[in-house]
Structures are given as C-alpha cells and as structure tokens.
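# Architecture at a glance
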Amino acid sequence: MTSTVDERLGGPVRKPPRKPKPAPTARGFSPLRALGMAVVWLFTALNVLVLYWLVMAAFKSPIEIFTKPFALPSYWIERGQAFRNLAYAWNNAGFGRAFVITVVLVAVSSVAIVLLAAPAAYALTRLGVRGANGLTNFVAIGMGIPFQTVVIPLFIGMAELDLTNNLFGLFLIYVALSLPFTVFLLTGFFRSLPDELEEAAAIDGASPARTFFTIMLPLARGGLITALILNAIGLWNETLLSIVFLNENANFTLARALFAFNSAASYQSEYGGLVAGVAIVVLPMLVLYVLLARRIITGLTLGAGK
Amino acid sequence: MATVSFAGTTRYYAGNPVPAVDGLDLEVADGEFLVLVGPSGCGKSTTLRMLAGLEGVDGGTIHIGERDVTDLPPKERDIAMVFQNYALYPHMTVGENIGFHLKIAKMAKSERESRVREAAALLGLTDYLDRKPAKLSGGQRQRVAMGRAIVRSPQVFCMDEPLSNLDAKLRVQTRTQIASLQRRLGVTTIYVTHDQVEAMTMGDRVAVLKDGLLQQCDTPIGLFGKPANLFVAGFIGSPAMNLIVGTVSGESAEVDGSAIPLTPAQRAALTSEAVVVGVRPEGWEIKAPGDGIPATVEVVEELGSDQYLYCSTSTSRVSVDGGAPEPIAVRAPGMSPWQRGEKLGLVPVPGAVHLFDAATGARLPD
Ligand SMILES: Nc1ncnc2c1ncn2[C@@H]1O[C@H](COP(=O)(O)OP(=O)(O)OP(=O)(O)O)[C@@H](O)[C@H]1O
Ligand SMILES: [Mg+2]
C-alpha cells in the first residue's frame, strides 16, 4: 500500500489523456448518429443565421437590408449614427412606456401564476386529495386547448365584465391561460420529491402548510424558477391576446406596440427602424434565456428521473 | 418515557386482502429497547409507521403510556423517528435539521441552540453544525438523524433500519453507539432491522415477525435457546440451525439411523408421526464415520477462531425460507485439519436438541 503511494509521488508525473476514451458502445460510425448531428447543426446554423440577420439589419438602411442582407452594416455607421434605427424605433413606437408596462405585467403575471400553481400542484401530488389523479388530468386538458380557439368567447365575457382594454383584465387572462401548463409542470417536480421528508416533517410536528412553505417550496425551488422563466418568456412574446384586448396606446405592451409600429413603419418604408423594433422586443428574452438556459433545462428534465 | 402497547393491531393495504400486519399483540416496557426483526416484507416498517402515525390502523389499538394514540396525528404522539434514508432536510444545516422540531414547538432561540449543541456534542457533530447534509459522510448523516431524534427527548424512539446504508465496519461501531446511547437516555425504543445479528446484539427483547404475524417476542437468549417454532429456529442464529426431518418410532425420533429420545409430554403434543429435529452448528459432536449420522464434508469455512464444516448427508431437511435446504453446518474448533470429502459421523450433544412438530411447526414441550 505505502510502496505504491511512494512510487506515485516520486515517479514521473502521469498525464491524463486529453480526451477520455468513450465507452465502447459510443464508438464507431452510426448512420443515425450522423443524421442526428447533421439535423442538430443545420437547425443551430439556421437559428444563428436568423439572429445574425436580425441584429445586423437593426443597424442598416432599408436599401442595405434588401440589397446586401448578410453584409455588415455600413450606411448609418459611416454617418456616425450607428444607433439611429434603435433610437427611431424607441421614440416612434412608444416603446418606452410599453417596456415598463410589459416588464411589470410579465413579472406580476409570472409570479402570480407560480404562486397559484405551486400550492395547486402540491395539493394534487402530495396531500392525498381524493380524485387527485383525475383532477391532474383535468388540468392537463387545459394545455390541449389552443387559446386561439377561445379568444372570441373570452373577449365577449371580458367585455361583459368591463375588463377589455384593461391591463388588469389581460393579467387575469394571462394567469388563467398559463395555469394548466404550469400546474402540470410543477406536479412533476413535487412528485419527484421524496415522501420521507414530508413524513419527517410531520413527525417533527409541522402542519401541512408549514411543511409546504419550509420544506417543499425550498426543495422545489429549481422547478419554481423554471416555471417562472418559461412563463416570463411566453408572456413577453405574447401578441395575439394583447392585440385583441388592448386598443389604447397608453396600455400597449411591447408586442402590441410593435404590432402597431409595424403598420406605421412599413407604410413609411422604415424597415431599418422596424427590424430595430423587433430586436428591442426579442433581445431581452434571448439574453435571459442564454443566462438561464442550463437552469431551465435541468428544471425541465428533473421530474423525469425516478 | 412510556410503555408502548399494541393490541390486536391490524393494517391492510389497499388492493390486498391479506393484512400487512395481522392482530399484533405486543407490550414494550418503559425504557426498553425492542427490536422488530423478520424477512423482507413481513410488516416491520408497517408496524413502526403505525406507531409513528404515518400509517392508519385498520383494527386494534396502540397505546403510548396510558394514552390511546390509535387515531392521533404524528405530532401529538411525542415520538421521534430515524428513517432508513435519514430524510434530512437538504436545504437546512445540520443545526437547523436537529433543531427543526424545537423551532416548530416555539422554543426560545437561546434554549433551542443550547439543546441542539448538547445533542450535537453527544454525537460528535459539534464541528458540523453549519454544514448542509450533502457535505457529510453517510455515518455523519446517520448521526444527524439520531440527533434530530434525541434532541426532542420524546417518549418513544422509532428507528427503521437506520444502519442499513452504512458499510459493515461502521455498522458494527454505530450499533454499539446507538445501544449505549439508548441505555443512557432510557427512552423506550422500537428498532426495525432485517439483520438478525443486529437484533440479537442490540435488543433487550426481540420480536420476530413473519407475513405480518408475530412469531415470538423474547430476550435474545430466550429466542436463541428456545425458539417457539420452526421459523424462529431457522431465522435466528448464523449459520442457521440445522433442521432435520425425523420419524417417531416408539419412544424416540429416528434420524438416519440415530435415535433421539422423546419425553411422554413431547409424544403427547405431536400431531403426526413427523418430527423436526433442530441442532445448531455448535450442537454437534464430531465422531468417526459409522457413529451417528453419516456425513461427508463438502465445504470447509475457516474463520480462525472457529471452523464451519458444511456436510452432505442423506437426511431430508426443512428449509424455513422456502429455498433448497442447505447442507448441515457443523462447528469445529478453529484450524482443525478437516478436508473436503472426508467422512465423519454426527451426534447431537444431549441438551442441544430442539424438537418441533413437523406439521404445525410448533416447538415441542421440553
Ligand atoms: N404503501 C403500500 N401499499 C401497498 N402495499 C404495501 C405498502 N407498503 C407496504 N406494503 C406491503 O406490506 C407488506 C409489509 O411491508 P413492510 O414495508 O412493512 O415490510 P418490511 O418488513 O418493512 O420489509 P423490508 O425489510 O423489506 O423493509 C409487504 O408485503 C408490502 O408489499
Ligand atoms: Mg421496511
């Protein structure tokens, strides 16, 4: 025992291989693998290309956009007005106010969704509620209904309640329509938590509410954050409902403002400004996603074990 | 501290007509260390969980002291439990884990901290109080789970195989630590294990369960010396007792040519002609071939202090767990010169013979 240790210490420094050898099963050429790789790379390349085009076009003049779609921008830069399109979009589309409204609306809605969905998911998976399985499936059905199909009845109903052209009304709709998916996502998380912790908490004398708040919620934090981010991204980009339910500039969300700006800008052939407007709406979520991608992916697959 | 008593306690699981625990009658004295032991699926955990209030009771009652706790929720029972996987709260430090109950019980912070520190000191966890469970070794986690139980000074400790996740050496160490800690604290303890060595070394008394039925509850010596039936005889002791089928002829039982005398009371208690003769490995006298039961050495197991010979014979044997009957085990002094293939004769030492009714499995009166 000791002699091996001495040898190792005194002997030449051993260098590990630069790339660990793969398992025998993974070696060799497989057509399926090659095809898969090709598809993945193609998809990635296409997305990167679109993104590149979007970012570049936001700095170009309309002529550049149409004649040299993949070249680097030059027209505005040469004139010392590199950010002219972004400024144009920001000033003319009413993005300033829309940005604040969207941030607040998305944040409040996402938090409200998770606050409602988490206890619901907890009760469905953990409290042994009678008929919990059926109820979970019932909630899941909500995911299967495309919200586009209920827009009209929804509008009529909201109009009755005087909640159209009203941010609070939109908030209610966002929360209601996002609950099925979020509850379903969170049931997966809560189900994957070990039973014994709850039993330990019960023996320690914690009430179900206390167990939920001090034991289960902290443990499901990863899932809650995932749910929060997915909802935030979805609501940030949501356009159809905001078009249907909002018709006053003062209430516009970013997506809604962009839609209004779209007609105005294309009428004036302000394509540079239009693309810049799109970039302003899209990029914050892209940054958020890049920063949190790892977290989201672990979150989405976490319930899949066990 | 309190007594615990089960009276006719029965538990059914949904979709299973056979109860997991069937009419359990068991009295545990104040401060006693009672071990529940039995093969996998015999209902040990179910019994413990009924006592803890984690499982409903379908029939009978459970009392802790004078209180009927049958329908009380866990927090009103004043019990602490150590789980097999410890069930430590992963997002809390060791100190918070140990003090969680006290916090819920609204104990003042200063007193809580001193209680936690006291428990930690008792278990050698003082240096780890600020760590999260994920950064502890298996043995340390086990001690945190113990700490969480002892800090409460409850009326009863429930422990469900708390050592099964430890390696063999640590298990032996921790076994003695838990036993001595329990004696020091004097808290009534129900301890579940499927390891009969653990059961025999730790318990004041050991209750053997099989298929939800209590087979026998006695001191380790009583269990080892006077197993109440074939199951207990085969389950307790390692290597297991050799159970050999014999037939009654006249005043004795006949086993492969050897006669084992039966008392009149034993003969009266028999329900058929078939009798099972039980002899532990240490209960054999090794004689020259031709004397006693003829046997051939198949395997020699040298342990240094002892040697076990596994011998084939022409006797027919009973297997308690339903598997193929094992060869007859014989203990010889360590370093004996026995070789594989050698022939010998086996004679049971007088007084080391256990007799059972083959049909009912019950022990015959001595
Ligand atoms: N939640 C449950 N639902 C249905 N049947 C169960 C449930 N829990 C246990 N059982 C059954 O009840 C019987 C007793 O189980 P129990 O967990 O008490 O066994 P055990 O003695 O603790 O076994 P082990 O040593 O394997 O832990 C088993 O047959 C088991 O299959
Ligand atoms: Mg068990």
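All figures in this text were calculated on a predicted structure; none of them were measured in a lab. (Residues numbered from 1 in each chain as written. Chains lettered and ligands numbered in written order. Predicted model: local features only at pLDDT ≥ 70, side-chain atom pairs only at ≥ 80, totals over all residues. Heavy atoms only, no water.)

### Topic: the state of the cysteines
All names here are of chain B. Short version of the rule: Here, a disulfide means two cysteine sulfur atoms that sit within 2.5 Å of each other. Exposure is judged per residue with a 1.4 Å probe applied to protein chains only, and the accessible area is read against the type maximum: over 50% gives exposed, under 20% gives buried, and values in between give partly exposed.
Within this structure, the stated rule accounts for zero disulfides over all chains. Free cysteine: Cys42, not disulfide-bonded; nearest cysteine sulfur from Cys217 at 13 Å. Classification of Cys217 as partly exposed rests on a relative accessible area of 23%.

### What about a positive patch on the surface?
For clarity, the threshold we go by: A patch consists of residues exposed above 30% relative accessible area that lack any salt bridge, with like charges linked at up to 9 Å and nonpolar side chains (Val, Leu, Ile, Met, Phe, Trp, Tyr) linked at up to 5 Å. Only the protein chains shown count as cover for residues, with accessible areas throughout obtained via the Shrake-Rupley method and a probe of 1.4 Å. For salt bridges, the criterion is a side-chain nitrogen of Lys or Arg within 4 Å of an Asp or Glu carboxyl oxygen. The charged-residue count follows a simple rule in which Lys and Arg add positive charge and Asp and Glu add negative charge, with His and chain termini not counted at all. In this description, the location of a charge corresponds to atom NZ of lysine, CZ of arginine, CG of aspartate or CD of glutamate. Runs of H or I in DSSP of at least four residues are treated as helices and runs of E of at least two as strands, each being numbered from the N terminus.
Judged by side-chain charge, Arg221(A), Arg131(B), Lys132(B) and Lys135(B) come together as a positively charged surface patch. The residue Lys132(B) is located in the loop between α3 (109-122) and α4 (138-150) in this model. For Lys132(B), a relative accessible area of 37% corresponds to the partly exposed category.

### Examining the packing of aromatic side chains
Given two aromatic rings, their pairing is described by the distance between the two centres and the angle made by the two planes. For the record, the criterion: We call Phe, Tyr and Trp rings a pair once their centres come within 6.5 Å, taking the six-membered ring for Trp, and we label the pair stacked below 30 degrees between planes, edge-to-face above 60, and tilted otherwise.
Using the criterion set out here, one finds 16 aromatic pairs over all chains in the structure. Summarising the aromatic geometry, the rings of Phe33(B) and Tyr191(B) are spaced 5.5 Å apart at their centres and angled 40° between planes, so their arrangement reads as tilted. Separated by 158 residues along the polypeptide, Phe33(B) in strand β3 (residues 33-37) and Tyr191(B) in strand β8 (residues 188-193) bring together distant segments of the chain. Classification of Phe33(B) by relative accessible area gives buried; the value is 0%. In this structure Tyr191(B) comes out as buried when scored by relative accessible area, which is 0%. Connected via pairs of aromatic rings, a cluster forms that spans Tyr122(A), Phe190(A), Phe212(A) and Phe213(A).

### Observations regarding the sheet that holds strand β12 (residues 252-255) of chain B
Residues and elements named next belong to chain B. Test applied: Strands pair, by our definition, only if DSSP identifies at least two bridges between them. A fitted line through C-alpha atoms serves as each axis, taken over the contacting stretch for helices, and the angle formed by two N-to-C directions is quoted from 0 to 180°.
Within the open sheet, the five strands sit side by side as β13-β12-β11-β14-β20. Their pairing is antiparallel. Here the strands that pair on one side only, and so sit at the sheet edges, are β13 (258-261) and β20 (353-357). Within the sheet, the average angular offset between the axes of one strand and its neighbour, ignoring direction, is 40°. As defined by bridge partners, strand β11 (residues 242-249) adjoins β12 across three bridges and the pair is classed as antiparallel. Across the sheet, residue Ser249 finds its bridge partner in β12, namely Ser252.

### With respect to the nonpolar core
The condition is simple: For the purposes of this section, nonpolar cores are sets of buried Ala, Val, Leu, Ile, Met, Phe, Trp, Tyr and Cys residues that join through side-chain atoms within 4.5 Å. Residue contacts are counted whenever heavy atoms from the two residues lie within 4.5 Å of one another.
Counting residues in each nonpolar core, the largest one holds 57 residues, and the members touching the most others are Leu186(A), Phe190(A), Leu51(B) and Ile190(B). Considering every element that reaches this core, the biggest residue donor is helix α6 (residues 95-126) of chain A, with six residues. Contact partners of Leu51(B), with chain neighbours within four places excluded, come to Val4(B), Phe6(B), Ile62(B), Ile64(B), Arg77(B), Ile79(B), Val156(B), Cys158(B) and Ile190(B). Of all hydrophobic cores here, the second largest spans 43 residues; its members include Val82(B), Tyr86(B), Ala120(B) and Val206(B).

### Considering the site of ligand 1
Residue and element names in this part refer to chain B. Note the cut-off: Any residue with at least one heavy atom within 4 Å of a molecule or strand is counted as near it. Here a polar contact is taken to be a pair of N or O atoms separated by no more than 3.5 Å, where protein atoms must pair a possible hydrogen donor with a possible acceptor and residues adjacent in sequence count only if both atoms sit in side chains. Polar here means any residue other than Ala, Val, Leu, Ile, Met, Phe, Trp, Tyr, Cys and Pro, which are nonpolar, and Asp, Glu, Lys and Arg, which are charged; Gly is therefore polar.
Contacts to ligand 1 come from Tyr13, Ala20, Ser40, Gly41, Cys42, Gly43, Lys44, Ser45, Thr46 and Glu161. With respect to ligand 1, the side chain of Tyr13 contributes an N or O atom lying 3.5 Å from a nitrogen atom. The separation between an oxygen atom of ligand 1 and a polar side-chain atom of Lys44 is 2.7 Å. Contact with the protein chains removes 57% of the 640 Å² of surface that ligand 1 exposes when unbound. For the shell around ligand 1, the per-class residue count stands at three nonpolar, five polar and two charged.

### Description of the domain arrangement of chain A
Residue and element names in this part refer to chain A. Just so we agree on the cut-off: In this document the domain limits rely on a domain assignment from an automatic tool or a database.
Examined at the domain level, chain A breaks down into domain 1 (31-82) and domain 2 (91-305). Counting from both sides, the interface comprises nine residues of domain 1 and, opposite them, eight residues of domain 2. Inspection of the domain 1/domain 2 interface yields zero salt bridges. On the surface where domain 1 and domain 2 come into contact, there are zero residue pairs in polar contact (both at pLDDT 80 or more). Mapped by element, the contributors of at least two residues to the side of domain 1 that touches domain 2 are α2 (31-57) and α3 (62-67). Sorting elements by how many residues they give to the side of domain 1 that touches domain 2 places α2 first, with four residues.

### Observations regarding the domain arrangement of chain B
All names here are of chain B. Domain boundaries assigned for chain B yield domain 1 (4-230) and domain 2 (241-357). The straight-line distance from the C-alpha centre of domain 1 to that of domain 2 is 38 Å. The partner domain 2 presents nine residues to the six residues of domain 1 that form the contact. Here domain 1 and domain 2 share zero salt bridges between them. Joining domain 1 to domain 2, the criterion identifies one residue pair in polar contact (both at pLDDT 80 or more). Among the elements that make up the side of domain 1 that touches domain 2, the one with the highest residue count is helix α7 (residues 220-225) (three residues). Tallied by class, residues from the side of domain 1 that touches domain 2 come to four nonpolar, two polar and no charged.

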